[in-house]
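# Observations on chain architecture
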Amino acid sequence: MRVYSDEDENILYARSSIVDWAASDLITPQQKESLLTHTPIDIARINGFLRAVLFFFTCACYQSLTGFVYVLFSVGIGTSSAFIMGLLGIGAYVAAEKLAARRFYRHGIEEAFAVMAVGYTCTSYLFFTRSGSASSSVILLSIGAALSFGLYLRFGYLYGVFFSIVAIAFIPIVMKLALPTQRILLVGGYSCGLALVELFRKQTSNEYQKVELSAIRAMLVLLVYVCVNLLLTSDYAYALFESSRVYTNPSVKGVFYWMTFAGTWFIPIGTLWTALRQKDKPLIGVGIVIALLTLITNKPYLGLTRHTWDPMLLGAFLMGTALFIRRWLSQGPQGMRHGYTAERISAKDKALMGALGTVSGMLHGVPGSSHQGSTDPNLGGGRSGGGGAQSGF
Amino acid sequence: MTLHERIRDWGNKGLLSPEQQEGLSSLVRHERLSVFLELNTLLYLGVISFIGGLGWTINTYFQELGTVAIILGLSAILAVCLGYAFVNGKPYSPNEVQSPNLAFDYILYLGCLAWSVELGYLENRFKIAGGQWSIYLLVTAIVYLALAYRFDNRFVLSLGLSSLAGWFGIKSSFWQGSSFGGFRSMAFLYGTLMSGAGYGLAYVRIKAHFQNTYMNFAANALFWAALSGIFAARGFSLWYIVLFAISAGWAYYGSKTRQFIFVAYAAIYTYIALSTLFSRFIHEPIISMLYYMLTGAGMIVLLLILARTMGRES
């Protein structure tokens, strides 16, 4: 099924590990070269930035070709348009297959063709039906979900799985099912997916597959959480943006509402517990993210008034937690407890923190930009200093 | 063959020492897992959340809290953070200095952000500098850069460089105003100075690992300055030549230092410039489509050749 063999993927996984070990000073540069020659492969990988740029230009190029065909043949919206989009979708898929067969691996080009093949096929269906009915939307989303998942099965693109599970999430919405039914169906479906992933994880001995399945499991857990937390993805989300008002519709705060509230606590706890027991990095990451979301949405969920100092308390809690964990781990034998260490092992971690450090100043915005001309006696200012504390004072 | 089996095989062939074999095997089997990244992320988010809440609280309750309480509170945070940094920090070295502990960088970062909030409050409340924010920006930039070099902190360096950018006039409000030319010249000056400073300091081996941060700020400033010139002018202008020259320079730098982000900047900005020029003269849809098709394909081939020539594992 997969265009790249298990051996290809295993070798690529081994080579990327070798590069990381060398960058982390776990092996010498000479050893790195020696180990790389012992894991030969005819697939070259390229830099992530270049991959993104190539993806962009491939999309731009192919969409221009589409525009060219439409202008040249004066194609209007209709069956002919659906036919052309379908043909172009097939063309994109063939291009992706051909490039993959020529040992292109995560080069951006073959990825763009594969992604466009899915997009064009869905657009073709849309032009063909020209209907906004619920049933046609369900079919469209199902096609999109199936084809996106196909991208993972054929090419190993994890974002294909992500697109797929997000498309599935919209199906109960376009069917206009009642909110509890929507959420129960989605959580049930994703839970079945989780069980399957867990089954495959236990069966496989390939490390690269374990890594992929861990990532898929993390995505599914995230989606389950998003479905359960009503404050993130429903009409009640507005409660997040109202600091003093709370949602008071009595129909909302029934058993279902309070069950979802309990779920917002159980899921992060369960996720972190499982992730820490299994030492699963993607799941640990998702566990932290959803735990944070629970803390942020807890007060609006309960209908409690939020205060301006809540973020301060959250910040202090996060810093305190991180410091406590670091201290606890470092006091263990050899700076380690239960196989966990707070010390950096991989060079990738350092590179990521360096990148965050570089962009952090840009994230805060250009400082002082909104101060100029501020004559508001109420001290209605703006950002201050490089820190960009965006205050109005 | 799994990675674990390969490690055993390499060990048997003598490619890895027994200690390395054992160490790498334990990593692969996840017997030793680092949560360094997760703890750093929690600390970073904690600092950002704390400062955000602090600014919001002062903004909302400045009358109830009173000036004295606000200034004392912010000064206390600043003093504690800086005091901690100076007491616990390692001595200055022009080389890379590892933080004494995980929290160190973030405590300094928190202090710097508290300084920004305090400075902003003081000026808004008392107009000490008469609304001359450029003075604050310059002072802040100098303080941040000094602290970044003293304690080898990339977060604070980034704050310092963005404060300096503010002082040079690279502000979003300039885009809406009339001083478009002023913006460009200041951005050019900033970009040139930053690239020169980054290169020069790395050359004399003073915190050479900061070079990448300087270069990222410099490249973006220079490209945006040239692109703004292109957008402002009608038809062909000298700005195209300037942008192509900048692109060539950064593409060369990126390929020489194997930092593809600069090659990517050069490719994208050049493409935007060329496409802008083309769209000004050609309004025929079919020719436009043909242009984007051919140039897109050309860019793909060019970048592929570059990638294959330089051949690098990501």
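Every residue gets a number counted from 1 within its own chain, in the order that chain's sequence is written. Naming scheme: in the order in which they are written, chains are lettered from A and ligands are numbered from 1. Residue-level local features of this predicted model are given only where pLDDT is at least 70; pairs of side-chain atoms are given and counted only at 80 or more, and the full residue set underlies all totals for whole chains, interfaces and linings. As a convention, hydrogens and water are excluded, and side-chain values are obtained from all of the structure's heavy atoms.

A few words on the overall build of chain A. Assigned secondary structure in chain A consists of 13 helices and four strands. Relative accessibility under 20% of the residue-type maximum defines a buried residue, over 50% an exposed one, and the middle range a partly exposed one, all with a 1.4 Å probe and only protein chains included. Taking all 393 residues of chain A together, 50% fall into the buried category. Put simply, of all contacts in chain A between residues at least 6 apart along the chain, 63% involve residues at least 24 apart. For the accessible areas, the method is Shrake-Rupley and the probe is 1.4 Å, while residue cover comes only from the protein chains on display. Carbon and sulfur atoms provide 68% of the accessible area of chain A, an area that totals close to 18200 Å². Here a strand is any run of E in DSSP of at least two residues, a helix any run of H or I of at least four, and the numbering for each starts at the N terminus. Note on contacts: a residue pair qualifies if any of its non-hydrogen atoms lie within 4.5 Å across the two residues.

Take the sheet that holds strand β1 (residues 336–337) of chain A next. DSSP bridges decide pairing: two strands pair if at least two such bridges lie between them. Read across the open sheet, the three strands follow the order β1(A)-β2(A)-β1(B); overall the sheet is mixed. Strand pairing shows two members of the sheet lacking a second neighbour, β1 of chain A together with β1 (33–34) of chain B, which therefore form its edges. Two strands pair when backbone bridges link them, and β1(A) and strand β2 (residues 340–341) of chain A are joined in this way by two bridges, in the antiparallel orientation. When the sheet's bridge partners are listed, Arg337(A) is paired in β2(A) with Tyr340(A).

The subject of this paragraph is the interface of chain B and chain A. Interfaces are often described in size by the accessible area the parts lose on coming together. Listed as interface residues are 102 residues of chain B and, on the opposing side, 101 residues of chain A. Buried area between chain B and chain A, both sides added, is near 9200 Å², and the carbon and sulfur share of it is 72%. Think of a salt bridge as a Lys or Arg side-chain nitrogen and an Asp or Glu carboxyl oxygen that are within 4 Å of each other. The interface formed by chain B and chain A includes three salt bridges. Whenever a nitrogen or oxygen atom comes within 3.5 Å of another N or O atom, the pair is scored as a polar contact, on the condition that within protein one atom can donate a hydrogen and the other can accept it, and that pairs from neighbouring residues in sequence are kept only if both atoms are in side chains. Taken together, the connections running from chain B to chain A amount to 20 residue pairs in polar contact (both at pLDDT 80 or more). Using a 1.4 Å probe, buried area is obtained as the accessible area two parts lose upon being combined, added over both of them.

Angles here are taken between N-to-C directions and fall from 0 to 180 degrees, while the axes themselves are lines fitted to C-alpha atoms, restricted in helices to the stretch in contact. Between helix α12 (residues 310–330) of chain A and helix α3 (residues 36–65) of chain B, whose axes approach to 7 Å, the crossing angle comes to 155 degrees. In terms of orientation, α12(A) and α3(B) fall into the roughly antiparallel class. α3(B) is crossed by α12(A), and the crossing has left-handed handedness. Contact residues: Pro311(A), Met312(A), Leu314(A), Gly315(A), Ala316(A), Leu318(A), Met319(A), Ala322(A), Leu323(A), Ile325(A) and Arg326(A) in α12(A); Leu39(B), Leu42(B), Leu43(B), Leu45(B), Gly46(B), Val47(B), Ser49(B), Phe50(B), Gly53(B), Leu54(B), Trp56(B) and Thr57(B) in α3(B). The class makeup of the residues in the contact of α12(A) with α3(B) is 17 nonpolar, five polar and one charged. For classification purposes, an angle smaller than 35 degrees is called roughly parallel, one larger than 145 roughly antiparallel, one from 65 to 115 roughly perpendicular, and anything else oblique. Crossing chirality is assigned from the near helix's rotation relative to the far helix, an anticlockwise turn below a right angle marking it left-handed and a clockwise turn marking it right-handed. Note on residue categories: nonpolar means Ala, Val, Leu, Ile, Met, Phe, Trp, Tyr, Cys or Pro, charged means Asp, Glu, Lys or Arg, and polar means any other residue, Gly included.

The subject of this paragraph is the nonpolar core. Residues belong to a common nonpolar core when they are buried Ala, Val, Leu, Ile, Met, Phe, Trp, Tyr or Cys residues joined through side-chain atoms within 4.5 Å. Among the nonpolar cores identified, the biggest contains 111 residues, and Tyr190(A), Tyr190(B) and Trp250(B) are the most heavily contacted of them. The contacts of Tyr190(A), once residues within four sequence positions are left out, are Ile165(A), Ile168(A), Ala169(A), Leu220(A), Leu223(A), Val224(A) and Cys227(A). The next biggest cluster of nonpolar side chains, apart from the first, holds 50 residues, and it includes Leu12(A), Val53(A), Ile84(A) and Met85(A).

What goes into a patch is any residue over 30% in relative accessible area without a salt bridge, connected to like charges within 9 Å or, for nonpolar side chains (Val, Leu, Ile, Met, Phe, Trp, Tyr), within 5 Å. Residues Phe83(A), Leu87(A), Ile90(A) and Val94(A) make up a contiguous nonpolar surface patch of roughly 410 Å² in combined accessible area. You can call Val94(A) partly exposed: its relative accessible area is 40%.

All names here are of chain B. Given a rise of 1.5 Å per residue, 23 residues ought to cover 33 Å, and the 33 Å separating the end C-alpha atoms of helix α5 (residues 104–126) matches this to within 8%. Within α5, 19 of the 23 residues are buried, leaving the element largely enclosed by the surrounding structure. Backbone geometry just after α5 places Lys-127 at a positive phi near 50 degrees. A helix is expected to span 1.5 Å for every residue after the first.

Moving on: helix α12 (residues 260–281) of chain B. Look at α12(B): 32 Å from first C-alpha to last across 22 residues, which is about the 32 Å you get at 1.5 Å a residue. Among the 22 residues of α12(B), 16 are classified as buried, and the element is accordingly described as predominantly covered.

Chain-level statistics for chain B give a pLDDT mean of 88 and a share of 94% at 70 or above. The quantity called pLDDT is the predictor's confidence in a given residue, expressed from 0 to 100. When pLDDT is averaged over each element of chain B, helix α4 (residues 67–88) of chain B comes out on top at 94 and helix α8 (residues 172–176) of chain B at the bottom at 50.

All names here are of chain B. In this structure, Ser-162 sits in helix α7 (residues 154–167). What makes Ser-162 buried here is its relative accessible area of 4%. Note: C-alpha distance between Ser-162 and Ile-230 (68 residues apart in sequence) is 24 Å.

The axes of two packed helices give the description: the angle between them and the distance between them. Residues and elements named next belong to chain B. The geometry of helix α1 (residues 3–12) relative to helix α2 (residues 18–28) is characterised by a closest axis approach of 10 Å and an angle of 180 degrees between their N-to-C directions. Considered as vectors, α1 and α2 are oriented roughly antiparallel to each other. Taken together, the residues of α2 that come into contact with α1 (itself represented by Leu-3, His-4, Ile-7, Arg-8 and Gly-11) are Gln-21, Leu-24, Ser-25 and Val-28. Looking at side-chain class alone, the contact of α1 with α2 contains four nonpolar, four polar and one charged residues.

All names here are of chain B. Position of Glu-118 among the secondary structure elements: in helix α5. Positive charges come from Lys and Arg alone, negative charges from Asp and Glu alone, with His and the N- and C-terminal ends not counted. No salt bridge is formed by the buried Glu-118; its nearest oppositely charged neighbour, Arg-125, is found at 13 Å. Sequence-distant contacts of Glu-118, that is, excluding residues within four places in its chain, are made with Ile-71, Leu-74, Ser-75 and Leu-78.

One side chain can pair with another of opposite charge once the charged atoms of both are near each other. Scanning all chains against the criterion turns up 17 salt bridges over all chains. Between Glu38(B) and Lys281(A) there is a salt bridge, with its nearest N and O atoms 3.0 Å apart. With Glu38(B) in helix α3 and Lys281(A) in helix α11 (residues 281–302), this pair bridges two chains. Since its relative accessible area comes to 24%, Lys281(A) is described here as partly exposed.

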